[in-house]
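As a plain string of letters, each chain reads:
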Amino acid sequence: MAAADDRRMSTRATGVVGIAILSSRVLGLIRETVFAGLFGAGKNLDAFLMAFRLPNLLRDLFAEGALSTAFITTFSKKIAIEGDQSAWRLANKVATLTAVFMSAVTVLGIAFAPQLVDLLTWGSWSADTVSFGDTLVSKTALTILLTRIMWPFMLLVSLAALVMGMLNAKHVFGPAGMASSYFNLGSIIDGVAIG
C-alpha cells in the first residue's frame, strides 16, 4: 500500500512540475515576442540582453546550480535524521550566509559594471550610440546602467532558490515549479508597462 501511495505522489509531483515547466516555456515565448515587438532588433535590446547576461549566468551557477543542489540534499538529510527543528536552523544559517555573500557579490558587480561590460562586449560597443529618452548615449553607457539595475536580481533569485529547495524538500512542488512562470509573467507586464 505504501509503495502505491509513493508512486501516486511521485506521479502527481511529476505532473505538477511538468505543467509548471510547460507554462514557463509558453510564457517565455510570449515574453520574447513582446520584447521583440516593443524594442525591435536594435541597439536598445542588445544593451538589455547583454546587461542581463552576467547576472543571469551567475544565477544559473549559484542559485539554481551548486547552491540549490547541495542545499536540498543537506536539508532533506537533516529533516530525515535530526528532525524539522535542526533542518530549519540549517536553513536559517544558509539563508543568512547566502544573503551576506550575494550582497557582497551584488555590490562588487555594481561597482565593477563598466569593466564587466567591457569584458563581455570586448570593448566593441564604445562607438555606438542609442536613444535613451530624449538624449543620445553610448550603447556601452546604457548597458552599464542596465547592468547595475539588474545586479540585485541575482541576490533575490539566490534567496528564492533556497526557499524553493525548502519547499521541494517538504514535498511542495507547485509554487517552486511556477517560479519561472511568475518571472516571465512579471517581465511581460513590466515590459508592456514600460514600453
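Everything here concerns the structure above.
Summary of the structure given here. (Residues numbered from 1 in each chain as written. Predicted model: local features only at pLDDT ≥ 70, side-chain atom pairs only at ≥ 80, totals over all residues. Heavy atoms only, no water.)

As for the nonpolar core
Judged by nonpolar contacts, Phe 71, Phe 75, Ala 87, Leu 90, Ala 91, Val 94, Leu 162, Met 166 and Ala 169 together constitute the single largest core of nine residues. If you list the elements that add at least two residues to this core, you get helix H2 (43–82), helix H3 (84–111) and helix H5 (139–169). Sequence-distant contacts of Val 94, that is, excluding residues within four places in its chain, are made with Phe 71 and Leu 162. (Core = buried A, V, L, I, M, F, W, Y, C linked by side-chain atoms within 4.5 Å. Buried < 20%, exposed > 50% of the residue type's maximum accessible area, 1.4 Å probe, protein only. Helix = DSSP H or I, 4+ residues; strand = E, 2+ residues; numbered from the N terminus. Contact = heavy atoms within 4.5 Å.)

Comments concerning the packing of H3 against H5
For any two helices packed against each other, one specifies the crossing angle of their axes together with the interaxial distance. Two elements in contact, H3 and H5, have axes separated by 9 Å at closest approach and are oriented at 165 degrees. Comparing their axes, H5 and H3 come out roughly antiparallel. As H3 packs across H5, the resulting crossing turns out to be right-handed. Here the residues of the contact of H3 with H5 are counted per class, giving 16 nonpolar, five polar and one charged. (Axes fitted to C-alpha atoms, helices over the stretch in contact; angles between N-to-C directions. Parallel < 35°, antiparallel > 145°, perpendicular 65-115°, else oblique. Left-handed = near helix turned anticlockwise from the far one by under 90°. Nonpolar A, V, L, I, M, F, W, Y, C, P; charged D, E, K, R; others polar.)

Here we look at the pattern of salt bridges
Should the charged atoms of two oppositely charged side chains come close, the side chains can pair. A complete count under the given rule lists three salt bridges for this structure. Its salt-bridge partner being Arg 31, residue Glu 32 comes within 2.7 Å of it at the nearest N-O pair. What makes Glu 32 partly exposed here is its relative accessible area of 39%. (Salt bridge = Lys/Arg side-chain N within 4 Å of Asp/Glu carboxyl O.)

Quick look at unusual backbone geometry
Excluding glycine, most residues fall at negative phi; most peptide bonds, likewise, are trans. Phi at His 171 takes a positive value of approximately 65 degrees, unusual for a residue other than glycine. Note that His 171 resides in the loop between H5 and helix H6 (174–177). Classification of His 171 as exposed rests on a relative accessible area of 52%.

Structural notes on the packing of aromatic side chains
Aromatic rings considered in pairs are described by the distance between their centres and by the relative angle of their planes. All told, the structure shown has seven aromatic pairs when counted by the stated rule. A ring pair is formed by Phe 71 and Phe 75, whose centres lie 5.3 Å apart and whose planes are at 25 degrees; its orientation type is stacked. Note that Phe 71 and Phe 75 are positioned in helix H2 at a spacing of four residues, about one turn of the helix. Comparing Phe 71 with Phe 75, the two get one shared label, buried. (Phe/Tyr/Trp six-rings, centres within 6.5 Å; stacked < 30°, edge-to-face > 60°.)

What to know about a nonpolar patch on the surface
A contiguous nonpolar surface patch, about 260 Å² in accessible area, is contributed by Leu 22, Val 26 and Ile 30. Within the fold, Leu 22 resides in helix H1 (residues 2–39). On the basis of relative accessibility, which here comes to 56%, the residue Leu 22 falls in the exposed class. (Patch = residues over 30% accessible without salt bridge, like charges linked within 9 Å, V, L, I, M, F, W, Y side chains within 5 Å. Areas by Shrake-Rupley, 256 points an atom, 1.4 Å probe, with all protein chains shown as cover.)

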